[in-house]
Amino acid sequence: MKTIIAACSQNLSGSRASVQAALRTLLAVPWPSQRDVRSALQLLAVLQWVLSFLLLGTVSLVVLIYLLFTSFWLIPVLYLAWIIFDWDTPERGGRRLPCLRRWTVWNHFRDYFPVKLVKTHDLSPSHNYIIGSHPHGILCVGAFCNFITGSTGFEEMFPGIHSFLTTLAGNFRLPLFREYLMSGGLFPVTRRAIGYLLSQNGTGNAVAIVIGGAAESLSCRPGITTLILRNRKGFVRMALRHGAFLVPSFSFGENDLFRQVVFEEGSWMRSIQQRFQKMIGFAPCVFYGRGLTSSRSRGFLPYARPITTVVGEPVAVPKVQNPSRELVDTYHEMYIQALLKLFNDNKSKYGLSETDELRIL
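Just so we're clear, the structure is a prediction, and the values are computed from it rather than from any experiment.

Some remarks on the overall build of the protein chain
Then, number 1: Counting its regular elements, the protein chain contains 13 helices and twelve strands.
Then, number 2: For the protein chain, buried positions account for 44% of its 361 residues.
Then, number 3: Across the protein chain, the fraction of contacts at a sequence separation of at least 24, relative to all contacts at a separation of at least 6, is 78%.
Then, number 4: Surface summary for the protein chain: the accessible area is close to 19,100 Å², and the carbon and sulfur share equals 61%.

Structure representation (structure tokens):
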């Protein structure tokens, strides 16, 4: 009996020692710091955004087509019927979800770069506005973060103003992706959609348009400040028809987020990009950023570079139902001068030198 008790005591002592040794080993392992946790959350926030914009629409379309040939064929059929019924909604006010704008993940998204919004002048809630967003960059990170999410405090800086962002109309033909875009407050960059926001939605609306569009993305390179604007006058005509003030904005650092293989004008690759742009509305770019596991590896995530979006002084625009070409040209030139002033007044504050110039094509 004593032998059995002694053996049990030795086993208990050994178990206690093993547990204590395991605890010491566990405590010796370095736990992730708060900084590491924040960095991981920021990376995941950017990852979900990039995957949503690059893959959500295409993957959803492929899955629905596949389901047509399975026993779940009713799902794509019902969704197709819903899209047909809901076809005009993106151009008639959409379905914005305020809770999505306040989603905590956007704070991590903002802090990854980080993105900052700078106000230079007040915007009165008694007017509507068209905000020109420059430059396009690859994925319009600055425009999205400032005008769609609430993470940079747009509505606090401009009380009574509700911001919207326009994007390619073709994006609203992709299943599920269209719902994602509308819930965030994005609209097709069409006359009908913009006209609805400026005429049927009261005042205090600011519609942001990335004016350079897909053509400008082809010239996106770090340190290059070239805008496609000289012959883009449709936004000015819309502003005149609705009496919406024109507001220039510039996102310093937007072009530094990715590296792009830029093909020279006249090359066969450039001509392919331009043909795609004319056919489907966007130009396929050959670009890369950082990888998922390391900032030194290559991948599809943007580099962590600061973006500062400066919102400039509004250009007062009268309401003219049928503006002449001369009137459109006049206000177009006024807008360009306001944008140049905004750029020159702020370039040395946000990463550029005094000798850098804004090139407008």
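A look at empty space enclosed by the protein
Then, number 1: Tallied over the full model, the rule gives two cavities of 30 Å³ or more.
Then, number 2: What the largest cavity holds in volume is close to 70 Å³.
Then, number 3: Forming the boundary of the largest cavity are Leu100, Arg101, Trp106, Phe144, Ile148, Thr149, Tyr180, Leu181, Gly184 and Leu186.
Then, number 4: For the lining of the largest cavity, the element with the most residues is helix α8 (residues 177-184), which contributes three residues.
Then, number 5: The residue makeup of the lining of the largest cavity, split by class, is seven nonpolar, two polar and one charged.
Then, number 6: In terms of lining residues, the second largest cavity is bounded by Pro135, Gly137, Glu216, Ser219, Cys220, Thr226 and Asn255.
Then, number 7: By residue class, the composition of the lining of the second largest cavity is two nonpolar, four polar and one charged.

What about the nonpolar core?
Then, number 1: Ranked by size, the top nonpolar core spans 48 residues in total, and within it Trp49, Phe109, Phe113, Val141 and Phe154 carry the most contacts.
Then, number 2: It is helix α2 (residues 34-68) that provides the largest number of residues to this core, a total of six residues.
Then, number 3: In contact with Phe109, not counting residues within four places along its chain, are Ala45, Val46, Trp49, Val141, Phe144 and Cys145.
Then, number 4: In this structure, Ile130, Phe235, Leu342 and Phe343 belong to the second largest nonpolar core, which totals 33 residues.

Topic: helix α3 (residues 74-85)
Then, number 1: A rise of 1.5 Å per residue sets the reference length of α3, with its twelve residues, at 16 Å; its end C-alpha atoms lie 16 Å apart and thus fit the reference within 8%.
Then, number 2: For α3, the full list of buried residues reads Pro76, Tyr79 and Ile83. The buried residues of α3 occupy one face: seen down the axis, they fall within an arc of 65°. Residues of α3 that are exposed and point more than 90 degrees away from the buried face comprise Leu78, Ile84 and Phe85.
Then, number 3: Buried positions along α3 lie against α2 and α8.

As for a nonpolar patch on the surface
Then, number 1: Taken together, the side chains of Leu61, Ile65, Leu68, Phe69, Trp73, Leu74, Val77 and Leu78 present a nonpolar region at the surface, about 800 Å² in accessible area.
Then, number 2: Among the secondary structure elements, those contributing two or more residues to the nonpolar patch are α2 and α3.
Then, number 3: Turning to its location among the elements, Ile65 is positioned in helix α2.
Then, number 4: The class of Ile65 is partly exposed, set by a relative accessible area of 43%.

Considering the UniProt feature "transmembrane region" (unreviewed entry) in the protein chain
Then, number 1: Mapped onto this structure's residue numbering, the UniProt feature "transmembrane region" (unreviewed entry) falls at residues 63-85.
Then, number 2: The straight-line gap between the two end C-alpha atoms of residues 63-85 is 21 Å; of that span, 78% is helix and 0% is strand.

Considerations on the pattern of salt bridges
Then, number 1: One pass over the structure, following the stated rule, counts twelve salt bridges.
Then, number 2: Between Arg192 and Glu91 there is a salt bridge, with the nearest N and O atoms lying 3.4 Å from each other. Of this pair, Arg192 sits in helix α9 (residues 191-199) while Glu91 sits in the loop between α3 and α4 (98-101); the two residues are 101 residues apart in sequence, bridging distant segments of the chain.
Then, number 3: The exposure class assigned to Arg192 is partly exposed, which follows from its relative accessible area of 40%.
Then, number 4: Residue class for Glu91 comes out buried when judged on its relative accessible area of 15%.
Then, number 5: Across the pair Arg101 and Glu155 runs a salt bridge, and its minimum N-O distance is 3.7 Å. Highlighted residues: Arg101 in helix α4 and Glu155 in helix α7 (residues 154-157), separated in sequence by 54 residues.
Then, number 6: The partly exposed category is assigned to Glu155, whose relative accessible area is 30%.
Then, number 7: Put simply, Asp86, Arg95, Arg178 and Glu179 are held in one network by salt bridges that share partners.

Section: unusual backbone geometry
Peptide bonds are, in most cases, trans, and in most cases residues other than glycine have a negative phi.
Then, number 1: Omega for the peptide link from Phe113 to Pro114 comes to -5°, which places this bond in the cis form.
Then, number 2: If you trace the backbone, Pro114 turns up in the loop between α5 (105-112) and β1 (115-119).
Then, number 3: Of the consecutive residues His134 and Pro135, the connecting peptide bond is found in the cis state with omega at -15°.
Then, number 4: Relative to the elements of secondary structure, Pro135 occurs in the loop between β2 (129-134) and α6 (141-147).
Then, number 5: A positive phi angle is found at Cys140, which is not glycine, with a value near 55°.
Then, number 6: Structurally, Cys140 is set in the loop between β2 and α6.
Then, number 7: Of the residues examined, Cys140 reaches a relative accessible area of 13% and is grouped as buried.

Parameters at a glance
- Residues numbered from 1 in each chain as written.
- Predicted model: local features only at pLDDT ≥ 70, side-chain atom pairs only at ≥ 80, totals over all residues.
- Heavy atoms only, no water.
- Helix = DSSP H or I, 4+ residues; strand = E, 2+ residues; numbered from the N terminus.
- Buried < 20%, exposed > 50% of the residue type's maximum accessible area, 1.4 Å probe, protein only.
- Contact = heavy atoms within 4.5 Å.
- Areas by Shrake-Rupley, 256 points an atom, 1.4 Å probe, with all protein chains shown as cover.
- 1 Å grid on protein atoms, 1.4 Å probe; cavity = no way out; pocket = protein on both sides within 12 Å on 5 of 7 lines; lining within 4 Å.
- Points joined across faces, edges and corners; volume = space filled by probe spheres on them.
- Nonpolar A, V, L, I, M, F, W, Y, C, P; charged D, E, K, R; others polar.
- Core = buried A, V, L, I, M, F, W, Y, C linked by side-chain atoms within 4.5 Å.
- Expected span 1.5 Å × (residues − 1).
- Arc of directions from axis to C-beta.
- Patch = residues over 30% accessible without salt bridge, like charges linked within 9 Å, V, L, I, M, F, W, Y side chains within 5 Å.
- Salt bridge = Lys/Arg side-chain N within 4 Å of Asp/Glu carboxyl O.
- UniProt positions renumbered as here; feature names shortened; annotations may be inferred.

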